[in-house]
Amino acid sequence: MSIIFHANLQHCMELVLSKPNKKRWHMAFATIYCSRAFSSHFKYTAAKNKSKVSPIPSHIAISDVETHLCFSKIDQYSSLAQLVKEKNLDQLAQSGGAEGLTSALNTNVEHGILGDAEDISHRQEAFGTNTYRKPPTKSLFHFVWEAFKDLTILILLACAALSLGFGIKEHGPKEGWYDGGSIFVAVFLVIAVSAGSNFRQNRQFDKLSKVSNNIQVEVVRSGRCQQISIFDIVVGDVVCLKIGDQIPADGLFLDGHSLQVDESSMTGESDHVEVNHSHNPFLFSGTKVADGYARMLVTSVGMNTTWGEMMSTISCDSNEQTPLQARLNKLTSSIGKVGLAVAFLVLLVLLVRYFTGNTKDENGNTEFNGSKTKVDDVINAVVGIIAAAVTIVVVAIPEGLPLAVTLTLAYSMKRMMADHAMVRKLSACETMGFATTICTDKTGTLTMNQMKVTKFVLGQEFMEERSNTSIAANILELLHQGVGLNTTGSVYQSTSETQFEFCGSPTEKAILSWAVLELNMNMEELKQSYTVLHVEAFNSEKKRSGVLMRKKADNTINVHWKGAAEMILAICSHFYDPSGNMKHMDDVERIKFNQIIQGMAASSLRCIAFAHKKVQEEEHEDGKSHQKLKDHDLTLLGLVGLKDPCRPGVKKAVEDCQYAQVNIKMITGDNVFTARAIATECAILKPDQDLNGAVVEGEEFRNYTPEERMEKVDKICVMARSSPFDKLLMVQCLKQKGHVVAVTGDGTNDAPALKEADIGLSMGIQGTEVAKESSDIVILDDNFASVAKVLRWGRCVYNNIQKFIQFQLTVNVAALVINFVAAVSAGGVPLTAAQLLWVNLIMDTLGALALATEQPTKELMEKPPVGRTEPLITNIMWRNLLAQAFYQIAVLLTLQFSGELIFNVTQKVNGTLIFNTSVLCQVFNEFTARKLEKKNVFEGIHKNKLFLGIIGITIVLQVVVVEFLKRFANTERLNWGQWGACIGIASVSWPIGWLIKSMPVPEKPLFSYLKWQNYMDADPEGHLLIQKKGDAD
């Protein structure tokens, strides 16, 4: 075998060495591929012999090649991972630097890895995948155990156990288990439903977390720039990094300019770290690119990175409590205290009545006769009284309120995902419903972000398409330099295809496409003919980018600038005419250029200008120390106009928001004319609108006094040429004026505004990872129409919770009053513990499921936003719930005291009638709770299959409980007439609901003067509070 191996190795070496002008590193190259050829039965790809591999020192070539031949020696790999973690420059130098490791990892600096399925498989097998071990997710048993820890549940279980024991002792196992057993079953049913819903919600959060973590990363494979999932990154990949990107794995700096990295997530240090070839080429997974751009070589992934080790120990806690949940917990607590007081009074009254001989059993005999009564009977009676009191507490405490919030938020999150909105922070779901103002970007949000160069101005003449032949050769060469080297984009053309592929931002792709297809620019030739000396990356403050380059042929040095047309024009003193002659730019010429720019902008075009300046060698040497590019006395090369059409449907989405009385403000970096044209096209500005004060520039807004800003901010509809600071300033002003502000953003510099806003909306396609992490909701399709849908869902969440509060409090008020009055006057509560728990299950869990999953309706967008000043429980809700509660109290107390006479039935049948009527009242009340103000409660009911299903299940179960579980539920079978009477009494809820909605209510909150309104999640004036970001941190 060794003879065959050496023969093939020799053969491959001869193939390589026979070609002239080959360097020593081709030896390593031959060794890799000939060894692989041997292992796969002499199958190798001849085409790969032509690809370039970076030169590496000869003393490591063979050893590293053999080590990484099939990526089998993990010890070597571990030391490579350690090299980056420890920032070991000496060891890196011994390994031949980043280039040496590139070749050792069988990667090409320019073209990346091969990237086919076999190559990826080998790398993943040897080095692992870019995933990390997560702590085990919480099981269903965990949530069951959490539910068991509830104090009231534990008390009820203790009562059930005592009741079961005494029942079996008194009546025997066959008959005596019913009372205690029924409480056990009811308690376990409550626990099962509660634990099941929490478990399901937790699983949903896990799914959303996976989607949230699935970042798209730009890599080069087989010479082609492509987007792949962060989980598909492998060791050896060449990754392209730009401002705002999260670094996907540990690795080494290959090439780039002005790279600054925010390592605060790893080190806690806020200062940005400069990464370069010489002093610090180490890059770490989980950190963020703060400035510049670069390419990196991936050296370790997944659990072999520091970030992976750290993340594997952190579990994602989905128990985030939203402001509304916190407020409802306070409300629950305050009502619970009232319930506890009532239950304690009931307990005292019942105990006093029992021990004074004022209670009788079913046969009319006095239950307590002093010493004649058995101890077992006394304990059993006391346990029954305690169970009744505890059950009153269970019914009185509206624990369904937080559950309803959780259910509606979880349901809304799932549905919003289908509407291209991924919720990162639960609180945003509800807060979006209060939004009064939305500040939106233009590019990609209102427009399609599919740019194309439609105008080209040279001198002061508009050039026709495909007119490169009429452009002077010197101008064409300078344009090629300015476009091809002053860019973060790239051009790819495979040998088998004639079509080009362009990579980068939409603006970069549009300009590169124009230069390649219409100006015949050749990117490969440019890169080989010029050396880039220094780069100033684009930033949203200066709105331009620059590059200093040297031509290899004659060593001439040029500085090129590209950016916003009026910004570049301001630093130019000369311009070229179409013939290639340089002319001085006086004030008259400058005015003409400004008119051209304004004319293009008025046609909704984004104007980009190119300018250059020749730099003398002496000037270059002098400028080396501070590395600042010349940005004065430039010569204008030309202007291009890029068309970015408005998204279809965006005008309607804007009008829908305006109809819902939500202000839309457009904040853009484009010039004022482009901004005005797009805003008019999108209906943000009306054709007949007074534009005085409605359209401002960022600088003008910035220079206002604080008083002027506060006075004018409401009228502003469009802010052009704005910086991220201007956006932040706008948000702060609006919040000071009491607005609830939603802001869209995609850039790294938008992070402060996204954090400051009540709701930060980042863009899923164009948004940087920094922007996404600063936001509350990610708009996955970058479309403003999706923002409008988020607004609708936010209002729906709030509306659903209000419906459930009304339904829940109706039952709470009725249950407390009925139980207290009955206990004081009659010496007993109308319903048994098991019956009360069944009512509790209907109103808490099933009611929450039915009412918290209503879908958004059209009328939600017909109301003004709630804002910061609306009480959580409105006067309308008090009117509705008190009317229903008083009716239920009147009916059930009438049945309690006169039901036996009215229906001519026994006490036990009367108890069943009370129980049945109470449950059916809740069923009918669920319908009236569907609409807080509208009289037609059946509108759209056919669309909510879950609501109808829960109503159906409740009715079926009620029939089963009454008719077939007599002993278990302590009920008697009812005849058709009695069922009809129960349904008839309960159905009166509908006409009462219809009539009561005709009654006007005062605008001032009903309990605005009561201090306990604070517990209803309002300020002392009864106003709804929206927790500001950072308050809970």
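Residues numbered from 1 in each chain as written. Predicted model: local features only at pLDDT ≥ 70, side-chain atom pairs only at ≥ 80, totals over all residues. Heavy atoms only, no water.

In the annotation of an unreviewed UniProt entry, the protein is listed under the name Calcium-transporting ATPase and assigned to Nyssa sinensis. Of the protein, the UniProt comment under Subcellular location (unreviewed entry) reads exactly: "Membrane". Regarding the protein, the UniProt comment filed under Catalytic activity (unreviewed entry) reads as follows: "Ca(2+)(in) + ATP + H2O = Ca(2+)(out) + ADP + phosphate + H(+)". (UniProt positions renumbered as here; feature names shortened; annotations may be inferred.)

Student: Sorry, what's going on with the overall build of the protein here?
Tutor: Each helix and strand in the protein was counted, giving 38 helices and 26 strands. Burial status across the protein gives 55% buried among its 1033 residues. Long-range contacts, defined here as pairs at least 24 residues apart, represent 73% of the contacts in the protein between residues at least 6 apart. In the structure as shown, the protein presents an accessible area of about 45300 Å², 56% of it carried by carbon and sulfur atoms. (Helix = DSSP H or I, 4+ residues; strand = E, 2+ residues; numbered from the N terminus. Buried < 20%, exposed > 50% of the residue type's maximum accessible area, 1.4 Å probe, protein only. Contact = heavy atoms within 4.5 Å. Areas by Shrake-Rupley, 256 points an atom, 1.4 Å probe, with all protein chains shown as cover.)

Student: Before we go on, may I ask you to explain the pairing of strand 4 (residues 250-262) in this structure?
Tutor: Looking along a regular strand, one sees side chains alternate from face to face of the sheet. In the sheet, strand 4 pairs with strand 7 (residues 288-300) via 10 bridges, with the strands oriented antiparallel. Residue pairing in the sheet places Leu252 in a bridge with Leu297 of strand 7. Bridging between strand 4 and strand 6 (residues 282-283) involves two bridges; their strand directions are antiparallel. Residue pairing in the sheet places Leu252 in a bridge with Phe282 of strand 6. Where strand 4 meets strand 5 (residues 273-274), two bridges bridge the pair, whose relative direction is antiparallel. (Pairing = 2+ DSSP bridges.)

Student: Could you clarify how one ought to interpret a positive patch on the surface in this entry?
Tutor: There is a patch of like positive charges on the surface, built from Lys134, Arg200, Arg203, Lys207, Lys210, Lys414 and Arg415. For the positive patch, the secondary-structure elements that each account for two or more residues are helix 11 (178-213) and helix 16 (400-418). Sorting elements by how many residues they give to the positive patch places helix 11 first, with four residues. Tracing the backbone through its elements, the reader meets Lys414 in helix 16. The class for Lys414 is partly exposed, based on a relative accessible area of 48%. (Patch = residues over 30% accessible without salt bridge, like charges linked within 9 Å, V, L, I, M, F, W, Y side chains within 5 Å. Salt bridge = Lys/Arg side-chain N within 4 Å of Asp/Glu carboxyl O. Lys, Arg positive; Asp, Glu negative; His and termini not counted. Charge placed at Lys NZ, Arg CZ, Asp CG, Glu CD.)

Student: In this structure, what is going on with the pattern of salt bridges? I would like to understand it.
Tutor: Should their charged atoms come close, side chains of opposite charge can pair. This model, assessed by the stated rule, comprises 31 salt bridges. The partner of Lys562 in a salt bridge is Glu508, with the nearest N and O atoms 2.9 Å apart. Taken together, the residues span a long stretch of sequence, with Lys562 in strand 16 (residues 557-564) and Glu508 in helix 19 (residues 506-518) at a distance of 54 residues. Looking at Lys562, the relative accessible area reads 7%, which means it is buried. According to the relative accessible area criterion, Glu508 is buried, its value standing at 11%. Of the charged contacts in the structure, one is a salt bridge between Arg544 and Asp631, with a shortest N-O distance of 2.9 Å. Of the two residues, Arg544 is situated in strand 15 (residues 544-551) and Asp631 in the loop between helix 23 (617-623) and strand 20 (634-643); the sequence distance between them amounts to 87 residues. Accessibility expressed as a relative area gives 10% for Arg544, which makes it buried. Residues joined by salt bridges that share partners form a network here, namely Glu859, Lys931, Lys934 and Glu939.

Student: Looking at this structure, I do not really get helix 24 (residues 650-659). What am I missing?
Tutor: Since there are 3.6 residues in each turn of an α-helix, residues three or four apart along the chain are aligned in direction. Every buried residue belonging to helix 24 is among Val650, Ala653, Val654 and Cys657, and all of these are buried. Along the long axis of helix 24, the arc covered by the buried residues comes to 100°, so they all point the same way. Looking at helix 24, the residues exposed on the side facing more than 90 degrees away from the buried face are Lys652 and Tyr659. Against strand 9 (437-440), strand 21 (663-667) and helix 31 (784-826) lie the buried residues of helix 24. Gln661 occupies a position one or two residues after helix 24 and carries a positive phi of about 60°. (Arc of directions from axis to C-beta.)

Student: Mind showing me how you'd approach the packing of aromatic side chains here?
Tutor: Aromatic ring pairs are described here by two measures, namely the spacing of the ring centres and the angle between the planes. Throughout the structure, instances matching the rule amount to 16 aromatic pairs. Aromatic side chains Phe804 and Phe807 sit 6.3 Å apart centroid to centroid with 45° between the ring planes, which places their arrangement in the tilted category. Taken as a pair, Phe804 and Phe807 lie in helix 31 at a separation of three residues, close to a single helical turn. Assessed through its relative accessible area of 0%, Phe804 is described here as buried. (Phe/Tyr/Trp six-rings, centres within 6.5 Å; stacked < 30°, edge-to-face > 60°.)

Student: Would you mind going over the UniProt feature "transmembrane region" (unreviewed entry) in the protein with me for this structure?
Tutor: UniProt annotation of "transmembrane region" (unreviewed entry) refers to residues 151-168, 180-199, 335-355, 378-411, 809-829, 946-965 and 977-996 when read in the numbering used here. Between the first and last C-alpha atoms of residues 946-965 the distance is 26 Å; the span itself is 95% helix and 0% strand. Helix makes up 95% of residues 977-996 and strand 0%, with an end-to-end C-alpha separation of 29 Å.

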